[in-house]
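# Coordinate inspection notes
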Amino acid sequence: MSQADLFQNEDKIITKMGRSFLGERVVYRGEDLHHQLADLPWIELYAFGITGKKFTTDQAKLLNFIWAATSYPDKSIWPNHISALAGSFKTSPALAMSASIASCDAEIFGGKPLRGAADFFVRALAHVDQDGDLEEYVLEELKTHRTVFGYGRPLASSDERIPHTIKFVRQLDLPTTKHFDLAISVGKILKKRKRLNMNAASLFSAIGMDLGFSPKAFHTYMTLCFVAGMSPCYLEADEQVEGTFLPVRCDRLKYAGVGKRDW
Amino acid sequence: MKEAPSFESNIWLDEPQDDDPFTAKASYCHGYDVFAQLIQKASFSDYILMLFTGSRPSREQSKLFETLAVAMANLGPRDAAVRASMNAAVGGAPAASSLIAALAVGAGQTGGARETYFLSQCFQKFGTDQQLWIKQLLKPNSNRLREDIWDEFEHSPGFRPHGVSCAKTLQQLLKALNNCGDFSTVKWLSDQRETLEQEINAPMGHTFVSAAVFFDLGLDPHQAEMCGLLLSLPGAAVHALEAKQQGWRKFPFFGQSVELTDDPGVIAPLPIVEELNS
C-alpha cells in the first residue's frame, strides 16, 4: 500500500457490482435489475448480491427458512428490546431497526457465533477430509478456545430451532449437506463429552457453508436474520402509551459502587 | 415469588423523589453528587474522564485528556467517519442517522476505534518494550487463531498505510501531549516515533497516539475504544449540520465517477407507461 493507491482512486469508483443509470436502467451484478431480476424474490436477490450466485428453489427455501426461523417478536430479547424502547420513546423506524440490527454483531449470539461456527466447520471438514479424527479436533478446539461456536446457549439449555431445522433440511433436495451433517456429528460429540447442546448458529452456519458462502459472506447474509422479529416489537411499543416500555424505578437500579464523596 | 429483574451499577445511583419512584431527586456518579456538586465544580472533560476511570482526575491527567479531546473532536470533512455523517445528513435524515453513520465507519480497523482497541491491548501486553511492539506491528494477525466479526488487519495498526511522512499535526499533538505532564507511555511514543516509523515503513497515525494517552490515563482497551468513538463525534455532528444546511446540490455526487466493469448494456427499453394505461 502506498500513496499511489490514493491517487489511482481519486474521483473513481471502479465496480463490477452495479450502477444506476438514473432515468434509464440499473445494473445489478451484471444483470438488468428491472428486466432480468424483477421476478427474483428479495431474499434471493440479497443472497445473489452477496455471493454472485443464483440458488435452486430448495436452496432458496432454506435461505428463507433460516431467517424466518429466527424471527422472534419477543421484546425481552436484547435487540428487540432496543426496537421496543425505540418505539416507546418515539424514534424513527430506520433508527430503531439500524440500532437493533447493529446490536446483533454480538459475541454470545448473532454475528460472532455465526461467523465463528462457519469458520470452524470449514476447518473441521478439511481436517476430516484429510482423514483426521473429528472428536480430537473438536476437543482441541474447545481446549484452545474454551468455546466451540454454535454449541451451548445463554439463557436456555436447548434450542427449539434445531429439530425444526433438521426436519426442514431433510425434506429438501440439496446438492450437499456435508457441513450440515458434520455439525450434527460435532453436536453428538459435545453432548456426550461436555454436555453441551447445539444452538441454531451451528446448523445455520453449516447450511451457509453448504450453500457456498464464505464465512464473511454468510455473516453479511445473516446480519438481517433477526429483523422480522424487531419490527413488530417496534410498532407495538409505538402504539402503546409513550414512554411506558418497562419503566425502571430508581430503586431497581442496585448501586454497588463507592460511597458518597465530595468532588 | 421470584425477584423482579434489576440493573446493577458501580457507577450510578439514583435516589427517588418522595412522591415519584420513577424520578430521581439526586443522582450520584461514582459517589459524586451530580446536581449538587459536579455541575458547578467539574469541567466537562473531567466529568467524562471520571465516568470512565471512577475517580477525579489529577490536574495533569485532566490536561492530557483535554488535549487529546480537542485534537480528536473534529477530524474535518475529509475524514471517512465525518464524510459518512455528511452523507447521512445531506439527504435530510435525522441527526442520529449522521452520528450512527460516523460511529459505524469510525469504528473500523483502518484508522478507527478498533485499531485503538488493538493498540490498547498491545500496551497492556508489551508496555514500552520496543522489540515486542515491532514484532507485533509487523505481523498484527499473528495471534488470530480463528474467525471474528472483525477481519484481519491489512496494515500495521497505528500507522497510515497510504501515508508518506509523519503529519506535522500529529507531531504537534505529540509535543502538546508531552507538555501535559510526566506520562511515560506518551513520552515513549514521542521518543520512539521515528524509529517505529522506520521499522514499520509507514508514518504513525492518530490511533497510536490515542491508545498511548488512554493507556496513561488508565483506560482498558474496551474503554479506549469507546472513548475514542465518543471524542470524535462533535466534528461529525457539525459537518453533518453544515452539509444539511448547504443542501444536496452543493454536496459532491460521484455518479459520473462510476466505472462499471460488468455492464450488459440496454437489455430492453423501459415499459411505455401510456401503453400500459391505455
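Since this is a predicted model, take the numbers as computed values, not measurements.

### Considering the overall build of chain B
Scanning chain B from terminus to terminus reveals 13 helices and five strands. The C-alpha atoms of chain B give a radius of gyration of 24 Å, which is well past the 19 Å a tight globule of 278 residues would have. Dimensions of chain B, computed from the C-alpha atoms along their principal axes, are close to 75 × 65 × 45 Å. Looking at chain B residue by residue over its 278 residues, the buried ones come to 45%. Long-range contacts, defined as pairs at least 24 residues apart, comprise 59% of the intrachain contacts of chain B with a sequence gap of at least 6. When the accessible surface of chain B is totalled, it reaches about 15,500 Å², and 53% of it is carbon and sulfur. Across chain B, 22 positive and 33 negative side-chain charges occur, with their mean positions spaced 7 Å apart.

### Notes on helix 10 (residues 206-216) of chain B
Residues and elements named next belong to chain B. Buried residues dominate helix 10, accounting for nine of its 11 residues. Every buried residue of helix 10 is listed here: T207, F208, V209, S210, A211, A212, V213, F214 and D216. On its buried side, helix 10 packs onto helix 3 (59-73), helix 6 (113-126), helix 7 (130-138), helix 8 (168-178), helix 9 (184-200) and helix 11 (221-231). Once helix 10 ends, the next one or two residues include G218, with phi positive near 90°.

### A closer look at the nonpolar core
Membership of the largest hydrophobic core comes to 60 residues, with the highest contact counts inside it found for I66, F121, V186, F213, F218, Y221 and M222 of chain A. Setting aside its immediate chain neighbours within four residues, F213 of chain A contacts A47, I50, T51, K53, F55, L63, G208, F218 and Y221 of chain A. Counting 43 residues, the second largest nonpolar core, distinct from the first, contains L64, L137, A202 and F214 of chain B.

### Overview of the packing of helix 2 (residues 42-51) of chain A against helix 3 (residues 57-68) of chain A
Residues and elements named next belong to chain A. Between helix 2 and helix 3, the least distance of the axes is 10 Å, while the angle of their chain directions is 100°. Considering their axes alone, helix 2 and helix 3 lie roughly perpendicular with respect to each other. In this structure, helix 2 contributes W42, I43, E44, Y46 and A47 to the contact, and helix 3 contributes A60, L63, N64 and W67.

### Some thoughts on the pattern of salt bridges
Within the structure shown, the criterion is met by 21 salt bridges over all chains. Between D119 of chain A and R123 of chain A there is a salt bridge, with its nearest N and O atoms 3.1 Å apart. With D119 of chain A and R123 of chain A both in helix 6 (residues 111-129) and four residues apart, this pair spans about one turn of that helix. Given the relative accessible area of 11%, D119 of chain A is considered buried. For R123 of chain A, a relative accessible area of 22% translates into the label partly exposed. One salt bridge in this structure joins R193 of chain B and E197 of chain B, with 2.8 Å as the shortest N-O distance. With R193 of chain B and E197 of chain B both in helix 9, this residue pair falls four residues apart, about one helical turn. A relative accessible area of 10% places R193 of chain B in the buried class. Classification of E197 of chain B as buried rests on a relative accessible area of 12%.

### Some details on the sheet that holds strand 4 (residues 32-33) of chain B
Residues and elements named next belong to chain B. One open sheet accounts for three strands, arranged 2-3-4; its pairing is antiparallel. The open sheet has two edge strands, strand 2 (12-17) and strand 4, and neither has a second partner. With two bridges joining them, strand 3 (residues 20-29) and strand 4 adopt antiparallel strand pairing. Each bridged residue has a counterpart across the sheet, and for C29 the counterpart in strand 4 is Y32.

### Observations concerning unusual backbone geometry
Residue and element names in this part refer to chain A. Phi is positive for R29, close to 45°, though the residue is something other than glycine. Checked against the element boundaries, R29 lands in the loop between strand 3 (25-28) and strand 4 (31-32). Even without being glycine, L246 reaches a positive phi, approximately 45°. Relative to the elements of secondary structure, L246 occurs in the loop between helix 12 (227-239) and strand 5 (253-255).

### A look at the domain arrangement of chain A
Each assigned domain of chain A is listed with its residue range as follows: domain 1 (1-39) and domain 2 (111-221). Taking the mean C-alpha position of each, domain 1 of chain A and domain 2 of chain A sit 36 Å from one another.

### Notes on the confidence of the model for chain B
Summing up the model confidence of chain B, the mean pLDDT is 96 and the portion of residues at 70 or higher is 100%. Scoring of the predicted complex yields 0.95 for pTM and 0.94 for ipTM.

### Looking at helix 2 (residues 44-53) of chain B
The set of residues buried in helix 2 of chain B consists of S45, D46, I48, L49, M50 and F52 of chain B. Close packing links the buried residues of helix 2 of chain B with strand 3, strand 4, helix 1 (34-41), helix 3 and helix 11 of chain B.

### A short note on the environment of G18 of chain A
Position of G18 of chain A relative to the elements: it lies in strand 2 (residues 18-21). Between the C-alpha atom of G18 of chain A and that of E31 of chain A, which follows or precedes it by 13 residues, the distance is 8.5 Å. Once residues lying within four places of it in the same chain are set aside, the contact partners of G18 of chain A are V27 of chain A together with V258 and L260 of chain B.

### Observations concerning the sheet that holds strand 4 of chain A
Residues and elements named next belong to chain A. Reading across from one edge, 2-3-4 is the order of the three strands in this open sheet, with antiparallel pairing throughout. Either end of the sheet is taken by a strand with one partner, and the two such strands are strand 2 and strand 4. Bridging between strand 3 and strand 4 involves two bridges; their strand directions are antiparallel. In the sheet register, V27 faces strand 4, and the bridge partner there is D32.

### So, the interface of chain B and chain A
Size of an interface: often given as the accessible area lost when the parts come together. Taken together, the contact between chain B and chain A spans 65 residues of the former and 59 residues of the latter. Around 5,300 Å² of area is buried between chain B and chain A when both sides are counted, 60% of it from carbon and sulfur atoms. The interface formed by chain B and chain A includes seven salt bridges. The tally of links between chain B and chain A comes to 36 residue pairs in polar contact (both at pLDDT 80 or more). Only strand 1 (7-9), strand 2, strand 3, strand 4, helix 1, helix 2, helix 5 (95-106) and strand 5 (258-260) of chain B provide two or more residues apiece to the side of chain B that touches chain A. Split into classes, the residues belonging to the side of chain B that touches chain A amount to 33 nonpolar, 17 polar and 15 charged. The sheet contact formed by strand 5 of chain A and strand 1 of chain B spans three bridges and is parallel. Within strand 1 of chain B, the residue paired with L253 of chain A across the bridge is F7 of chain B.

The rules behind the values
Along each chain, residue indices are assigned from 1 in the same order as the chain's sequence is written. As they are written, the chains are lettered A onward and the ligands numbered 1 onward, keeping that order. Reporting of local features is limited, given that this is a predicted model, to residues whose pLDDT is at least 70; pairs of side-chain atoms are given and counted only at 80 or more, and all residues count toward the totals for whole chains, interfaces and linings. With hydrogens and water stripped out, all remaining heavy atoms of the structure feed into the side-chain values. Per the convention used, a helix needs a DSSP run of H or I reaching at least four residues, while a strand needs a run of E reaching at least two, with both numbered from the N terminus. A radius of gyration in this sense is built from C-alpha atoms; the matching globule rule multiplies 2.2 Å by the number of residues raised to 0.38. Exposure classes here rest on a 1.4 Å probe applied to the protein chains alone. A residue is buried below 20% of its type maximum, exposed above 50%, and partly exposed in between. Contacts are residue-level and defined by heavy atoms, with any inter-residue pair within 4.5 Å sufficient. Accessible surface area values rest on a Shrake-Rupley calculation with a 1.4 Å probe, where residue burial reflects the displayed protein chains alone. Positive: Lys, Arg. Negative: Asp, Glu. His and the chain ends are not part of the count. A charged residue contributes its charge at one atom only: NZ of Lys, CZ of Arg, CG of Asp or CD of Glu. Residue types Ala, Val, Leu, Ile, Met, Phe, Trp, Tyr and Cys, when buried and joined through side-chain atoms within 4.5 Å, form a set referred to as a nonpolar core. Only the contacting stretch of a helix is used when fitting its axis, a line to C-alpha atoms as for every element, and angles between N-to-C directions run 0 to 180 degrees. By the definition adopted for this analysis, an angle is roughly parallel if under 35 degrees, roughly antiparallel if over 145, roughly perpendicular if from 65 to 115, and oblique otherwise. Whenever Lys or Arg places a side-chain nitrogen within 4 Å of a carboxyl oxygen from Asp or Glu, that contact is recorded as a salt bridge. Any two strands with at least two DSSP bridges between them are considered paired. Segmentation into domains, and thus their bounds, comes from an automatic or database assignment. The pLDDT value expresses, per residue, how confident the predictor is, ranging between 0 and 100. In short, buried area is how much 1.4 Å probe accessible area vanishes from two parts on joining, totalled over both. Identification of polar contacts relies on pairs of N or O atoms within 3.5 Å, with a donor-acceptor requirement for protein atoms, meaning one able to donate a hydrogen and the other able to accept it, and with residues adjacent in sequence counted only if both atoms are side-chain atoms. Under the convention adopted here, Pro, Cys and the residues Ala, Val, Leu, Ile, Met, Phe, Trp and Tyr are nonpolar, Asp, Glu, Lys and Arg are charged, and Gly plus all remaining residues are polar.

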